[in-house]
Amino acid sequence: MLNVAQMKASMTADLTIIIGGGLLGVTSFYELTARDMPCVLIDAEPQVARRTSYANGGGLHPSLPDPWNNPGIGRHLFASLFNPNAPMKLHAGQLPHLIGWGFSFLRHSARRHYDAITKANFDLAEYSTRQTEALQQFLNLDYAQAAPGTLKLLRSEAERQEALRLADMLAAKGLDYEALSHADMLAREPSLAAAKDIIGALYFPGDGIGDARLFCESLAQAAVARGGIMRLGTKVKGLLVEGGAVVGVRLVNPNGRQQDEEQIRGKVVLAAGVGAPQLARPLGLNLPIRPAKGYSLTLDARHLVAVRPQHLLVDPMQHIAITPLGDRLRILGMAEFAGFDTRVEPRRLRQLRGFFERLLPDLAGRLDWQGGAGWAGLRPMSADGRPLIGASGVDGLWLNCGHGHLGWTKSVGSARILADIMQGRAPEIEAAPFSPDAALRRLR
Ligand SMILES: Cc1cc2nc3c(=O)[nH]c(=O)nc-3n(C[C@H](O)[C@H](O)[C@H](O)COP(=O)(O)OP(=O)(O)OC[C@H]3O[C@@H](n4cnc5c(N)ncnc54)[C@H](O)[C@@H]3O)c2cc1C
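The rules behind each value
- Along each chain, residues carry numbers from 1 onward, in the same order as the chain's sequence is written.
- The predicted nature of this model means local features are confined to residues of pLDDT at least 70 and side-chain atom pairs, given and counted, to a pLDDT of 80 or more, with totals for whole chains, interfaces and linings taken over all residues.
- A residue counts as near a molecule or strand when its C-beta atom, positioned from the backbone, falls within 6 Å of it.
- Here a helix means four or more residues in a row that DSSP labels H or I, a strand means two or more in a row labelled E, and each is numbered from the N terminus.
- Side-chain classes follow a simple rule in which Ala, Val, Leu, Ile, Met, Phe, Trp, Tyr, Cys and Pro form the nonpolar group, Asp, Glu, Lys and Arg form the charged group, and the remainder, Gly included, forms the polar group.
- Residue ranges for the domains trace back to a domain assignment, done automatically or taken from a database.
- Every helix has an expected span of 1.5 Å times one less than the residues it contains.
- Defined on buried residues, the nonpolar core groups Ala, Val, Leu, Ile, Met, Phe, Trp, Tyr and Cys residues joined through C-beta atoms within 7 Å.
- Neighbour counting defines burial: a residue surrounded by 20 or more other C-beta atoms within 10 Å of its own C-beta is buried, one with 12 or fewer is exposed, and intermediate counts give partly exposed, using backbone-placed C-beta atoms.
- Throughout, a residue-residue contact means that the two C-beta atoms, derived from backbone geometry, are no farther apart than 7 Å.
- By definition, two strands form a pair when at least two bridges between them are found by DSSP.
- Axis angles are defined between N-to-C directions and span 0 to 180 degrees, where every axis is a line fitted to C-alpha atoms and, for a helix, only to the segment in contact.
- Helix crossings get a hand from a simple test, with the near helix turned counterclockwise from the far one by less than a right angle marking a left-handed crossing and a clockwise turn marking a right-handed one.

**With respect to the site of the ligand**
Taken together, 42 residues surround the ligand, and among them Gly 22, Gly 57, Gly 273, Gly 275 and Gly 407 come closest. Going through the elements one at a time, α2 (23-34), β14 (289-300), β18 (373-382) and α12 (407-422) are the ones with two or more residues in the shell around the ligand. Along the lines of polarity and charge, the residues of the shell around the ligand split into 15 nonpolar, 21 polar and 6 charged. Here the shell around the ligand gathers at least three residues from each of two domains, domain 1 (4-53 + 214-287 + 385-443) and domain 2 (66-110 + 144-207 + 289-382).

**Things to note about helix α5 (residues 111-139)**
Across its 29 residues, α5 extends 41 Å between first and last C-alpha, which sits within 8% of the 42 Å expected from 1.5 Å per residue. Among the residues trailing α5, Asn 140 stands out with phi positive, at a value near 55°.

**Quick word on the nonpolar core**
Grouped together as the largest cluster of nonpolar side chains are 108 residues, with contacts concentrated most on Ile 19, Val 268 and Leu 270. Viewed by domain, this core spans two of them, domain 1 (4-53 + 214-287 + 385-443) and domain 2 (66-110 + 144-207 + 289-382), each represented by three or more residues. Ignoring any residue separated from it by four or fewer positions in sequence, one finds Ile 19 in contact with Gly 25, Ile 42, Val 236, Val 249, Val 268, Val 269, Leu 270, Ala 271, Ala 272 and Leu 279.

**Observations concerning the pairing of strand β19 (residues 388-391)**
Relative to strand β20 (residues 397-401), β19 runs antiparallel, the two being bridged by 4 bridges. Paired with Ala 391 across the two strands is Trp 398, which belongs to β20. Where β19 folds back on β20, the antiparallel hairpin that results is connected by 5 residues, among which Gly 393 adopts a positive phi of roughly 100°.

**Here's the deal with the environment of Ala 34**
Tracing the sequence through the fold places Ala 34 in helix α2. Counting along the chain gives 192 residues from Ala 34 to Arg 226, while the straight-line C-alpha distance between them is 6.6 Å.

**Examining the sheet that holds strand β1 (residues 16-19)**
Spatial strand order, β9-β2-β1-β13-β20-β19: 6 strands in an open sheet with mixed pairing. Pairing within the sheet leaves two strands with one partner each, and these edge strands are β9 (229-231) and β19. Along the sheet, successive strands turn relative to each other by an average axial angle of 20°, direction set aside. Bridge count for β1 against strand β13 (residues 267-270) is 4 bridges, and the pairing is parallel. Each residue of the ladder has a partner; that of Ile 17, found in β13, is Val 268. Here α12 sits on the sheet and contacts β13, β19 and β20; the angle it forms with β19, its principal contact strand, is near 15°.

**Let's talk about the domain arrangement of the protein chain**
Interface size is often expressed as the accessible area that is lost when the parts come together. Here the protein chain is described as being made up of domain 1 (4-53 + 214-287 + 385-443) and domain 2 (66-110 + 144-207 + 289-382). Here the C-alpha centroids of domain 1 and domain 2 sit 29 Å apart. Contacts between the two partners involve 19 residues from domain 1 and, on the opposite side, 16 residues from domain 2. Among the elements of the structure, α9 (276-280) and α13 (436-443) are those that each provide at least two residues to the side of domain 1 that touches domain 2. Of the residues contributing to the side of domain 1 that touches domain 2, the split by class is 10 nonpolar, 7 polar and 2 charged.

**Here's the deal with the packing of α2 against α12**
Running from N to C, α2 and α12 point in directions that differ by 35°, and their axes come no closer than 8 Å. The chirality of how α2 crosses α12 is right-handed. Across the interface between the two elements, Leu 23, Leu 24, Thr 27, Ser 28, Glu 31 and Leu 32 of α2 pack against Gly 407, Trp 408, Ser 411, Val 412, Ser 414, Ala 415, Arg 416, Leu 418 and Ala 419 of α12. For the contact of α2 with α12, a count of residues per class yields 8 nonpolar, 5 polar and 2 charged.

**Comments concerning unusual backbone geometry**
The backbone of Ala 49 sits at a positive phi, close to 55°, despite the residue not being glycine. Within the secondary structure, Ala 49 is located in the loop between β2 (39-42) and β3 (59-60). Of note in the backbone geometry, Asp 197 takes a positive phi value of approximately 65° without being a glycine. By secondary structure assignment, the location of Asp 197 is in the loop between α7 (182-188) and β7 (200-204). When the 10 C-beta atoms within 10 Å are taken as the criterion, Asp 197 is described as exposed.

Written as structure tokens, this is what we have:
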């Protein structure tokens, strides 16, 4: 229950209610609170960052803004129906739930959409990464942050050509990169000496690393210190609608009695990750967001600090990466269209381990695999690869969701854009590509 001071706050006409305590909700909570807007953050979990923002790859990646529906994705997805180990896998049972979204996903894989969205995403990812660094310094946050850069590993000449094409396109917008031969790559990252089948890499010095869960926990506390209120362990049952406008939220009542239902009134920011479409649907809003399941495996690497990889290592074709995260190593990957299932499949963890063993065989033998922490989370994937940030088209409802595989990278920038739009200011970068209104029209 709210205490008296909190009750008063919840009566405030200009209260903002943020649904979701993951990366997008917490950054929105901080940004709005820091601008003196009274806010309450609500999450069903007992602590912030317990769903998709819990154990992600930790990469702040302006270098990887390309959506996953790249040209040719249709063929890969079809083939994945028959391959249980496909890095990006479509489960046949999910086809009925993916019909409208899936057509849009495939339509946007055409080269002209793919390139335009990649450029827009780069602007947001770059802006957001720099804002994350600024926030870290301003608040003196500690979340195992580092700025070593990414090595995008290449396995064939065709891969190198496509990686160079994308990098050159983004270099025109400010992306810094270096093409490395096999020898140059080993000079930069000696831990790859025994790696099999790698012909070289692209090096992106502007990418960073950080533990998203630690970041969310610290930032949420910073928002509370500025007067924000958190209601954790509290599930939103639905949006409160009056005269066609959203005027608050209805909470799930622990005692189950309809007449005791608690309501909080205020404008609403929907930052509920893969839960956003369900909350928006009764308003007639069909948010183009579906879950894409990914895995991570985190290992203690304290004893290997001198010999472990120094960079983020990304294999784009296999959708797998390795992150040196403080004194841990995290291996992550896969994208499965498997509905809302978050079970951790041991088979997928074995695949992550196999990848590591082929890439870093010497190191693999020195890690405690039994003690590793396996995890699975659901990326909120939008149909065209762009997040939805701003006014929903329904009065009183704002969106900050659908950030897919780059929600950590884009979170701080997205929250700033949202706050600017809510305050009637011009965002610091072009925000039109992320307009929810445009995304909803595109889907119709
Ligand atoms: C394996 C993996 C690796 C990744 N690696 C990276 C990476 O290296 N870099 C990067 O930038 N991104 C990465 N991502 C993506 C990133 O983690 C996500 O984009 C991001 O976590 C999404 O945050 P979110 O706030 O939208 O969703 P979430 O973190 O899921 O937060 C949504 C919150 O809403 C709450 N909620 C939903 N419905 C309700 C309701 N009705 N009532 C109350 N609360 C509700 C949930 O409890 C949840 O806490 C990765 C993702 C995965 C799965």
